[in-house]
Structure formats: structure tokens, C-alpha cells
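# Report on the structure
One-letter residues, chain by chain:
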Amino acid sequence: MSPYHRILALESSCDDTAVAIVEDGRTIRASVIHSQTSLHAQFGGVVPEAAAREHIAAINNTLQEALDMAGCSLYEMDAFAATLGPGLVGSLLVGANTGKTLSLITGKPFLGVHHLYAHVASNYLDSDLEPPFLCLLVSGGHTQLIAVEEYATMRVVGESLDDAVGEAYDKVARFMSLPYPGGPVMDRLSQEGNPKAFSLPKAQTSGAYDFSFSGLKTAASRSFEKARELLPPNRSAEALRTLQADMAASFQRTVVDTLFEKTLRCAKDLNIKTLSIAGGVSANQGLRQRFQDFVNENPDYCLYVPNLKYCTDNAAMVAASAYFNPYTTDIRQEVFSRSPQP
Ligand code: KG4
Ligand code: ZN
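Structural notes, computed from the coordinates. (Residues numbered from 1 in each chain as written. Chains lettered and ligands numbered in written order. Predicted model: local features only at pLDDT ≥ 70, side-chain atom pairs only at ≥ 80, totals over all residues. Heavy atoms only, no water.)

### Here we look at the overall build of the protein
The cut-off we apply is this: The way it works is that DSSP assigns letters per residue, a run of H or I at least four long becomes a helix, a run of E at least two long becomes a strand, and they are numbered from the N terminus. Note on method: radius of gyration uses C-alpha positions; expected globular size equals 2.2 Å times residues raised to 0.38. The classification of residues rests on relative accessible area computed with a 1.4 Å probe and restricted to protein chains. Under 20% of the type maximum is buried, over 50% is exposed, and intermediate values are partly exposed. When checking whether two residues touch, look at their non-hydrogen atoms; a contact exists if any pair is within 4.5 Å. Charge assignment in this entry is limited to Lys and Arg as positive and Asp and Glu as negative, and neither His nor the chain termini are counted. Charge positions come from single atoms, namely NZ of Lys, CZ of Arg, CG of Asp or CD of Glu.
A tally of regular secondary structure across the protein gives 10 helices and 11 strands. In terms of overall size, the protein behaves like a compact globule, its C-alpha atoms giving a radius of gyration of 20 Å where 342 residues would be expected to give roughly 20 Å. Principal-axis analysis of the C-alpha atoms places the extent of the protein at approximately 65 × 45 × 30 Å. Evaluated residue by residue, the protein yields a buried proportion of 56% over its 342 residues. For the protein, restricting intrachain contacts to residue pairs at least 6 apart in sequence, the fraction spanning at least 24 positions comes to 73%. Here the protein carries 28 positive and 37 negative side-chain charges, and the mean point of each set is 5 Å from the other.

Now the structure itself:
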């Protein structure tokens, strides 16, 4: 498959500094993530300049920790890999330049990885998944349905025409004064709320497998605002929390329904019975449960979801991607092609 048995990979495309060592694209020897969440939480979102500086401060220790965890030296690696894009330019440079430097020092190859390729590859970690399969990729920056025909042949069959689903979660959460990042907070809160409390619109798109979350985001924010205004001036913190939980549950129900229905329609049309989800939002309990319930009732389908640790940004998925696509990881190549849809 790949000439590189043991790959050390770096990920620094956004606000996580991560280093991992993975063997044969599936066996994780080490995975270390230095999260910058607390740094950016005070600003309510990622500040690119601060993120780049924090990557520089964290990269050496994160690298050393990963080597210690695997009990390996740099010279025992067969290749080095790093995310080259898409992402924040200043942040990407830290991982990319570190990877290239390690490659020069050791004389081993450097493999540049596409971040979305890496999210798809997170499903290969600790699993036996092989193409063909359909991947619903839901992250902070992207929402795509990807038909993975072979390890290096992927077709985008549907995508969001505006906001990514993670972005919509974060923006609605921010509107409700919930902490950053809003996705996991809304997910937890939704367990306490009534998913039928608010009736929110499901967007119609001309492409059968495309998505649109901008209208939903605006409708959720407006409905929440109206309901908040109706609360008495001396309202208790509990009353506000109930409102937040009800909106979180209603929003989540609408998002999960939309993602699941479009994925299933696409899978049926393409006659693909192996489904996977990937990206930060694949950590969402409601989304995972919805797919799992379907597969339990329809045993001719099977489902792969990444371990919760490998849903959000991490370097193990970068190593997996570099292993399975060692010749096609140059992001200057058009790795994804867009397909026509009904
Ligand atoms: O894949 P990721 O770590 O970074 C990007 O490549 O964008 O995804 C981060 C996104 C954020 O928008 C975050 O709010 C969302 O994933 N997210 C979640 C959950 N965990 C993370 N959204 C909904 N439910 C979750 N449990
Ligand atoms: Zn990501």
C-alpha cells in the first residue's frame, strides 16, 4: 500500500497543535493534542495571529511528548507529514515548516496533507474501513458529502452552499451567550431541552445533496431573541437556561434530520451501503445516535464513526491520510472533484 510504515504527522491548521505517530495508517503509537481553546474562548472565536504564536510556543513540547509516548526517536520514522491546507496561513506554516525541517534533518520524505482528506482518513484509525464508502464530513469550515471510491479517489457529491454546520452551531451558541466553541456546549445542553420547543426551517437547495445552514442560523437566533424578550425582567438564571436548552435541542434536531436525510438519499441513489461521518461535528451525540439507530434497524448498511478523540482536529488522521494517499497529498493537486447531482 504505502512505502512508509511509520509516519510522524503534524497538524496546526486552526487552534490545535497536534503531533502523532501512526503505523500502517491505522495503529496509533502516539497522539498528542495541545488545545488552544481557553486562549480563544475569551474572544469568542479563533484569533489567527494569537493562534500562530501559540503554535510556535507549543510545537516543540508537543513533538517531544509524542516521541516519548511512542518510545521512538526521529530517526525511526519512515516519513514526516503535515497539513498544508486549507486553514489559517500563519498556523499552517508552523506545522508545515516543522515537518519539512524534520525531513531535512533525517533525510526522510515529507508528505503534505489536505486537511479534508485527513478528516476522511480519521475513519481508518483503529478500524478496518476500506473504500468504497460515503463520508459525511462536518467540521467548523466544511460540510460535504464525499463518495470515497478508492483511497485516493474522492468525489464531492454535495456540500453546503453557505455556512458549514460547525460554524452555524458556533454562531447560534454565541448569539445565546454560550461559551466558545459552541458546538459541544449546544450538544450537551440539547440533552436537557425540548426538541419541539421551536419550529425551525429546513432549507431547500436546488442540488439534492447540497446543504444550506445560513437561514436556519438566522431563524434560530431570531426565535431565541424573541423568546428571551418575553422572559420577565426578574427572570431566574434557570429560566434562561431552559430557553437555551430548548433552542439547542430544536436546532440540533433540525440539523441532524437534514444531515441524515440527505446522506441517506445520496447513499441510496449511489447504492453505497457503507457510511461514515467525520470532522468536529461527528462528535455530536445526536448525529451519531441517529446514524447508529438507522444502521441497527437496517443491518445491510454499516457505519464507521471516528473515536471521539479523532473527530476534532488531530494529527493521527493526518498520518493516516499521508499513509493511504502518499502520492496524492500535494494540495496543489485537485484532490476533490465536484460531481453533478439530481
Ligand atoms: O474539525 P474541527 O475540529 O475543525 C475544523 O476543521 O473546522 O471542527 C470544529 C467544529 C467546531 O465548529 C465545533 O463547534 C464543532 O466542530 N463541534 C461540534 C461538536 N464538537 C465539536 N459540533 C456539534 N456537536 C459537537 N459535539
Ligand atoms: Zn478540521
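### Details of the pairing of strand β3 (residues 27-35)
Short version of the rule: Any two strands are treated as partners once DSSP identifies two or more bridges connecting them.
By the bridge criterion, 8 bridges tie strand β2 (residues 16-23) to β3 in an arrangement that is antiparallel. Bridge assignment links Ala 18 to a residue of β3, and that residue is Ile 33. Counted along the chain from β2 to the antiparallel partner β3, the turn is 3 residues long, and its residue Asp 24 has a positive phi close to 50°.

### Some thoughts on the packing of helix α8 (residues 237-270) against helix α9 (residues 285-297)
This is how it is decided: Think of each axis as a best-fit line through the C-alpha atoms, taken over the contacting stretch in the case of a helix, with angles from 0 to 180 degrees between the N-to-C directions. Any angle that is under 35 degrees is reported as roughly parallel, and any over 145 degrees as roughly antiparallel; angles of 65 to 115 degrees are reported as roughly perpendicular and all others as oblique. Here is the rule for handedness: rotate from the far helix to the near one, and if that takes an anticlockwise turn smaller than a right angle the crossing is left-handed, while a clockwise turn gives right-handed. Charged residues are taken to be Asp, Glu, Lys and Arg, nonpolar residues to be Ala, Val, Leu, Ile, Met, Phe, Trp, Tyr, Cys and Pro, and polar residues to be all remaining types, Gly included.
Running from amino to carboxyl end, α8 crosses α9 at an angle of 40°, the nearest separation of the two axes being 9 Å. As far as their axial angle goes, α9 and α8 are oblique. When you trace α8 past α9, the crossing you get is right-handed. Contacts from Gln 252, Val 256, Asp 257, Leu 259, Phe 260, Thr 263 and Leu 264 in α8 reach Gly 286, Leu 287, Arg 290, Phe 291 and Phe 294 in α9. A per-class count over the contact of α8 with α9 returns 7 nonpolar, 3 polar and 2 charged.

### Points about α9
Since the α-helix packs 3.6 residues into each turn, any two residues three or four apart lie on the same face. Just so we agree on the cut-off: The span you would expect from a helix comes to 1.5 Å times its residue count less one. Residues adjacent in sequence count toward polar contacts only when both atoms are side-chain atoms; beyond that, a polar contact is any pair of N or O atoms within 3.5 Å, and within protein one must be able to donate a hydrogen and the other to accept it.
Counted at 1.5 Å a residue, the expected span for α9 with its 13 residues is 18 Å, and the 18 Å between its end C-alpha atoms agrees. You can read the cap of α9 off the contacts: a side-chain oxygen lies 3.0 Å from the backbone nitrogen of Gly 286, and it is on Asn 284.

### Focus on the layout of surface pockets
In this approach, a probe sized like a water molecule rolls over the atoms, and the result shows the empty space that is left. As a reminder, the rule being used: Think of a 1 Å grid over the protein atoms and nothing else: a 1.4 Å probe that fits but is trapped marks a cavity, an open set flanked by protein within 12 Å on at least five of seven lines marks a pocket, and residues with an atom within 4 Å of a point count as lining. Grid points are joined across faces, edges and corners, and a volume is the space filled by probe spheres set on the points. Domain delimitation follows an automatic or database domain assignment.
The computed volume of the largest pocket comes to approximately 1100 Å³. Along the walls of the largest pocket sit 41 residues, with Gly 140, Asp 170, Tyr 180, Pro 181 and Thr 312 positioned nearest its centre. Of all elements in the fold, only α4 (115-121), α5 (165-175) and α6 (182-190) reach the threshold of two or more residues within the lining of the largest pocket. Here the residues of the lining of the largest pocket sort into 14 nonpolar, 18 polar and 9 charged. When residues of the lining of the largest pocket are assigned to domains, at least three map to each of domain 1 (6-126 + 308-338) and domain 2 (133-304). Computed from the structure, the second largest pocket encloses a volume of approximately 190 Å³. Lining the second largest pocket we find Ser 190, Gln 191, Gly 193, Pro 195, Ala 249, Gln 252, Arg 253, Val 256, Asp 257, Gln 285, Gly 286 and Arg 290. Listed by contribution, the elements that provide at least two residues to the lining of the second largest pocket are α8 and α9.

### So, the sheet that holds strand β1 (residues 6-11)
Sheet strands associate in pairs through backbone hydrogen bonding, adopting either a parallel or an antiparallel arrangement. Pairing is mixed in the open sheet, where 5 strands are placed in the order β3-β2-β1-β4-β5. In this open sheet, the two strands that pair with only one neighbour each are β3 and β5 (110-114). In this sheet, neighbouring strand axes are inclined to one another by 20° on average, regardless of whether the strands run parallel or antiparallel. Summarising the sheet, strand β4 (residues 79-85) and β5 pair through 5 bridges and their orientation is parallel. If you follow Ala 82 over to β5, its bridge partner there is Gly 112. Most of the contacts of helix α10 (residues 316-324) go to β1, to which it runs at about 130°, and overall it touches β1, β2, β3, β4 and β5.

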